[in-house]
Amino acid sequence: MLRKISLGTLGLSVGGILIIVGFVAYAADNATLNLVGFFYGFPLFLGGLALKANEIKPIPFSKPTQPSVLLLREQQATVTQNKIRKDITRYCYGQDAHLDSALSYLGLGLSDDERPIITGLRETEINGAYALILEFDSPSIQISDWQEKQEKMTKYFGPEIEVKITLVNENQIELAVITDK
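Below you will find a few notes about this structure.

The rules behind these values
- Residues numbered from 1 in each chain as written.
- Predicted model: local features only at pLDDT ≥ 70, side-chain atom pairs only at ≥ 80, totals over all residues.
- Heavy atoms only, no water.
- Helix = DSSP H or I, 4+ residues; strand = E, 2+ residues; numbered from the N terminus.
- Buried < 20%, exposed > 50% of the residue type's maximum accessible area, 1.4 Å probe, protein only.
- Contact = heavy atoms within 4.5 Å.
- Areas by Shrake-Rupley, 256 points an atom, 1.4 Å probe, with all protein chains shown as cover.
- Lys, Arg positive; Asp, Glu negative; His and termini not counted.
- Charge placed at Lys NZ, Arg CZ, Asp CG, Glu CD.
- Polar contact = N/O pair within 3.5 Å; in protein donor to acceptor, adjacent residues only side chain to side chain.
- Phe/Tyr/Trp six-rings, centres within 6.5 Å; stacked < 30°, edge-to-face > 60°.
- Lys NZ or Arg CZ within 6 Å of the ring centre and 35° of its normal.
- Pairing = 2+ DSSP bridges.
- Axes fitted to C-alpha atoms, helices over the stretch in contact; angles between N-to-C directions.
- Arc of directions from axis to C-beta.

**Structural notes on the overall build of the protein chain**
Stage number 1. Each helix and strand in the protein chain was counted, giving 7 helices and 6 strands.
Stage number 2. Dimensions along the principal axes, computed over C-alpha positions, put the protein chain at roughly 70 × 40 × 25 Å.
Stage number 3. Counting over 181 residues, the protein chain shows a buried share of 38%.
Stage number 4. For the protein chain, contacts bridging at least 24 residues in sequence account for 62% of all contacts bridging at least 6.
Stage number 5. As presented, the protein chain carries roughly 10500 Å² of accessible surface, and 58% of it is formed by carbon and sulfur atoms.
Stage number 6. Mean positive and mean negative side-chain charge positions of the protein chain (17 and 21 charges, respectively) differ by 6 Å.

**Quick notes on the side chain of Arg 122**
Stage number 1. In this fold, Arg 122 is placed in strand β3 (residues 117–126).
Stage number 2. Side chain to side chain, Arg 122 and Glu 135 meet in a polar contact 2.7 Å long.
Stage number 3. At a separation of 2.9 Å, a polar atom in the side chain of Arg 122 contacts the side chain of Glu 174.
Stage number 4. When near neighbours in sequence (up to four residues on either side) are disregarded, Arg 122 contacts Phe 61, Ser 62, Lys 63, Ala 131, Leu 132, Ile 133, Glu 135 and Glu 174.

**Concerning the packing of aromatic side chains**
Stage number 1. Inspection of every chain in the model, using the stated rule, returns 5 aromatic pairs.
Stage number 2. Considering the side-chain rings of Phe 23 and Phe 38, the 5.1 Å spacing of their centres and the 90° angle between planes classify their relative orientation as edge-to-face. Of this pair, Phe 23 sits in helix α1 (residues 7–27) while Phe 38 is found in helix α2 (residues 31–53), placing the two residues 15 residues apart along the sequence.
Stage number 3. Each residue in the set Phe 23, Phe 38 and Phe 42 is aromatic and connected to the rest through ring pairs, giving one cluster.
Stage number 4. The ring of Tyr 105 carries the charged tip of Lys 152 above its face, separated from the ring centre by 4.9 Å.

**Considerations on the sheet that holds strand β4 (residues 129–137)**
Stage number 1. Read from one edge to the other, the open sheet built from 4 strands follows the order β3-β4-β6-β5, with strand pairing classed as antiparallel. Two strands bound the open sheet, and with one partner strand each, they are β3 and β5 (161–169). Neighbour-to-neighbour, the strand axes of the sheet open up by a mean angle of 20°, direction not taken into account.
Stage number 2. Note that β3 and β4 share 9 bridges and pair antiparallel. Looking at β4, one finds that Ile 117 is bridged to Asp 137.

**Digging into the environment of Asn 82**
Stage number 1. Mapped onto the secondary structure, Asn 82 falls in helix α4 (residues 79–88).
Stage number 2. When the C-alpha atoms of Asn 82 and Asp 113 are compared, they prove to be 28 Å apart, with 31 residues separating the residues in sequence.
Stage number 3. In this structure, Asn 82 is in contact with Arg 73 and Ala 77, ignoring residues within four places of it in sequence.
Stage number 4. Within the local environment of Asn 82, its side chain forms a polar contact with the side chain of Arg 85, the two groups lying 2.7 Å apart.

**Digging into the environment of Leu 49**
Stage number 1. With respect to the helices and strands, the residue Leu 49 is situated in helix α2.
Stage number 2. Note on Leu 49: relative accessible area 40%, which makes it partly exposed.
Stage number 3. Distance from Leu 49 to Leu 12, taken between C-alpha atoms, is 6.5 Å for residues 37 residues apart in sequence.

**Things to note about helix α3 (residues 67–76)**
Stage number 1. Those residues of α3 that fall on the buried side of the exposure criterion are Val 69, Leu 72, Arg 73 and Gln 76. For α3, the angular spread of buried residues about the axis comes to 105°, placing them on one side. Turned more than 90 degrees off the buried face of α3, the exposed positions are Pro 67, Glu 74 and Gln 75.
Stage number 2. Considering only its buried residues, α3 is in contact with α4, β3, β4 and β6 (172–179).

This is a description of form; function is not addressed.
Next comes the structure, spelled out in structure tokens:
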């Protein structure tokens, strides 16, 4: 639940409320509330602004996960699959994009302009195995470049993982991270 809340918005809201309380307390000649409003309100508000400026929004699920797939996730999902799912479905701060370091390590988009952008994810079952499918907008990197990195991706995402790459259309790539048990 907490990962679904924007800390930037929270800081802006609480800081803004405290600033308003500080101004009202100043007008009412209440020194204690005035100090609380200004000494806590402004730093919270500025912190919220800083977080908001570096915020990456969660990636939405493109399709709802079926209950049978949720059960399969509980039984088969690897630590890596769970980390990826949790990381990209929460607010992130101080990164350029979701999975930016992983994509750079894999040699997919060495610059911000070339980097594929993750646009969605979904969970499904493939041949009885749990699969996490990451949907990318990849106009600068061709399917052949993705396929060249497939073995490296399989090693990177860890043991008991199979990686499949699918070209959906000209600029859309799906990366399936499948449990291999």
